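Descriptive structure summary
What follows is the residue order along each chain.
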Amino acid sequence: MGEPSRRLSFYSHRIFVKIEGFRLDRLLDRAMKAGLDLKSVRMKSETELTCWISRTDLRKLQKLGKSAYRITVLQQKGPVPGAKSILSRPAFVLGFLLAAGFVIFQSFFIRSIEVSGYRGIPEEALLSCLTEKGIYKGAYRPDIDWEGAEQAIYDTFPQVTWVQLAYRGQKVWLNLSETDHALYQKEEEERPKRQVYTDIVASHSGYIETIYPYYGLALAETGDYVKKGQVLITGSVPIQPTTFDEESEDGRIYFVNAEGEVWAKVPYHMTFYQERYRFGEKSADGKTVSDRVERTEEEAKKKAEQQIRLWTAENLPETAEIQNKSLKFSRSGNIIEVSVLLEVRQEIGIKQEAMIGETDTDTTDHRPDGTVRQSGQ
């Protein structure tokens, strides 16, 4: 019973997509294993194919492809696109928008303010402070600086230790907590100092080629696909037993400033534009032969290579290396559109502040080759 309803869903709203990227066979294999229903699959080239797919399966395909493949919607068919054409009737749309706009517009104005959590501070004083920051009955909510209002509460009332401003619809809540100001200052002075440590994270999404954790613990392996911001080498390292007879101390870790190198293959998608025609082509005797002359494929490719060189000089580090490149040219009107797919080998590991340590630290740099380097050497 499940399969017929799935087919009905596919044909009720179907989407024609273009998929670009390297090793398209891998993506098709993953899609088949995931049970996705792809219709009329046509390979345009080694790096491009087209197919029909349902809206639900398109979301799944985008998750499978991640940023390694570019998926472009070319056409949609079914009742949903048809409904859009019906809703395009001016009178119906105008009436609907006026009614919806009035309701939405009313929701942007504050109707009531509720204060809770205060003890020694008068409610009127808190409301007065909010009024000075533009929060009062009848105020236009999108114009309010919420962070600035919270900071004003802290600045005006030193005994406040926690503030939260929240809203839902036309109602605003001010929740706060206060304590004795002198006690608060004492707690701040007696609070132990902590040292900040760092992780190595990914500056770009891509496939790991090599990872060398000079200092810290690697959380990724060669061949893994990692996303931008993902931790690759952590500065949080579990304490290991010194002999085989000892048991590891559960939960005990030490913190280090992670160091290392991470090289990955990063895909880049970009589009360049060129003028399709050159104007005023002249012969050897100086006479104009044609008002406009269309660029040849060789000229367009040469121009595209120049555009790629300029882009790489501005956007890629000097150590980056382009390993694969795909160019696709399409001509429309007076424009040549150049769709470019690059596979670039580059270092993606960057330091990022990660956590705060207190007691357990280590100054030994454990390298993959078994050698040891002390911190600062």
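Residues numbered from 1 in each chain as written. Predicted model: local features only at pLDDT ≥ 70, side-chain atom pairs only at ≥ 80, totals over all residues. Heavy atoms only, no water.

**A word on the pattern of salt bridges**
What counts, and what does not: Salt bridge, as applied in this entry: a Lys or Arg side-chain nitrogen positioned within 4 Å of an Asp or Glu carboxyl oxygen. Runs of H or I in DSSP of at least four residues are treated as helices and runs of E of at least two as strands, each being numbered from the N terminus. Residue exposure (1.4 Å probe, protein chains only): buried if accessible area is under 20% of the type maximum, exposed if over 50%, otherwise partly exposed.
Tallying each qualifying case throughout the model produces ten salt bridges. Lys 328 is paired through a salt bridge with Glu 48; the nearest N and O atoms lie 2.7 Å apart. In this pair, Lys 328 is assigned in strand S18 (residues 321-332) and Glu 48 in strand S3 (residues 48-54), connecting sequence segments 280 residues apart. The exposure class assigned to Glu 48 is buried, which follows from its relative accessible area of 7%. A salt bridge links Arg 331 to Glu 294, with the nearest nitrogen and oxygen atoms 3.0 Å apart. Of the two residues, Arg 331 is situated in strand S18 and Glu 294 in strand S17 (residues 288-294); the sequence distance between them amounts to 37 residues. Take Arg 331: its relative accessible area is 32%, and that puts it in the partly exposed class.

**Description of the nonpolar core**
What counts, and what does not: By convention a nonpolar core is built from buried Ala, Val, Leu, Ile, Met, Phe, Trp, Tyr and Cys residues, the set being connected through side-chain atoms within 4.5 Å. Whether two residues are in contact is decided by their heavy atoms, any of which lying within 4.5 Å being enough.
In this structure, Ile 208, Leu 232, Val 262, Tyr 268, Leu 342 and Ile 348 are the most contacted members of the largest nonpolar core, which totals 26 residues. Looking at this core, the elements that each hand over two or more residues are strand S8 (195-202), strand S9 (206-215), strand S12 (231-234), strand S15 (259-275), helix H9 (297-315) and strand S19 (335-347). Residues within four places of Ile 348 in sequence aside, it is in contact with Val 201, Ala 202, Ser 203, His 204, Ile 208, Val 226, Leu 232, Val 262, Ala 264 and Val 266.

**Brief notes about the sheet that holds strand S7 (residues 171-178)**
Strands in a sheet are paired, the pairing made by backbone hydrogen bonds, and the direction either parallel or antiparallel. Our working rule: When DSSP finds two or more bridges between a pair of strands, those strands are recorded as paired. As a rule, the C-alpha atoms of each element are fitted with a line to give its axis, helices using only the stretch in contact, and angles between N-to-C directions run from 0 to 180 degrees.
Read across the sheet, three strands follow the order S5-S7-S6 without closing on themselves; strand pairing throughout is mixed. Two strands bound the open sheet, and with one partner strand each, they are strand S5 (112-116) and strand S6 (160-168). Put simply, the sheet's adjacent strands are angled 15 degrees from each other on average, direction ignored. Judged from the eight bridges that link them, S6 and S7 form a sheet pairing that is antiparallel. Across the sheet, residue Ala 166 finds its bridge partner in S7, namely Trp 173. In the packing of helix H6 (residues 123-132) onto the sheet, contacts are made with S5, S6 and S7, and the angle to S5 comes to roughly 130 degrees. Its contacts with the sheet put helix H7 (residues 146-156) on S6 and S7, and the angle it makes with S6 is roughly 150 degrees.

**Notes on a positive patch on the surface**
Where we set the bar: Grouping into patches uses exposed residues only, defined as over 30% relative accessible area, and leaves out salt-bridged ones; the cut-off is 9 Å for like charges and 5 Å for nonpolar side chains (Val, Leu, Ile, Met, Phe, Trp, Tyr). Only the protein chains shown count as cover for residues, with accessible areas throughout obtained via the Shrake-Rupley method and a probe of 1.4 Å. Residues counted as positive are Lys and Arg, residues counted as negative are Asp and Glu, and His and the chain ends are not counted. Here the site of a charge means atom NZ of a Lys, CZ of an Arg, CG of an Asp or CD of a Glu.
Together, Arg 26, Arg 30, Lys 66 and Lys 227 make up a positively charged patch on the protein surface. If you trace the backbone, Arg 30 turns up in helix H2 (residues 24-33). By relative accessible area, which is 31% here, Arg 30 ends up partly exposed.

**Here's the deal with the sheet that holds strand S4 (residues 70-77)**
Here four strands make up an open sheet; going across it, the order is S2-S3-S1-S4 and the pairing antiparallel. Bordering the open sheet on either side are strand S2 (38-45) and S4, each of which pairs with just one other strand. The average undirected angle you get between the axes of adjacent strands in this sheet is 20 degrees. By the bridge criterion, seven bridges tie strand S1 (residues 14-20) to S3 in an arrangement that is antiparallel. Paired with Glu 20 across the strands is Glu 48, a residue of S3. Strands in contact with H2 are S1, S2 and S3; relative to S2, the strand with the most contacts, it is inclined by about 170 degrees. Against the sheet, helix H3 (residues 55-65) engages S1, S3 and S4, with an angle of about 135 degrees to S3.

**Some remarks on the packing of aromatic side chains**
The criterion, for reference: Each Phe, Tyr or Trp ring (for Trp, its six-membered ring) is paired with any other whose centre lies within 6.5 Å, and the angle between the two planes then decides the class: stacked below 30 degrees, edge-to-face above 60, tilted in between.
Following the criterion strictly, the structure yields six aromatic pairs and no others. Summarising the aromatic geometry, the rings of Trp 146 and Tyr 167 are spaced 5.0 Å apart at their centres and angled 25 degrees between planes, so their arrangement reads as stacked. With Trp 146 in helix H7 and Tyr 167 in strand S6, this pair connects stretches of sequence that are 21 residues apart. Three or more aromatic residues joined by ring pairs make a cluster, and in this case those are Phe 108, Phe 109 and Tyr 140.

**Describing unusual backbone geometry**
In the Ramachandran plot, Ser 40 falls in the positive-phi region, its phi being about 50 degrees despite a non-glycine side chain. Take Ser 40: it is sitting in strand S2. Exposure remark for Ser 40: the relative accessible area of 42% places this residue in the partly exposed category. The backbone phi angle of Lys 66 is positive, close to 50 degrees, even though this residue is not glycine. With respect to the element layout, Lys 66 can be found in the loop between H3 and S4.

These values are about where atoms sit, not about what they do.
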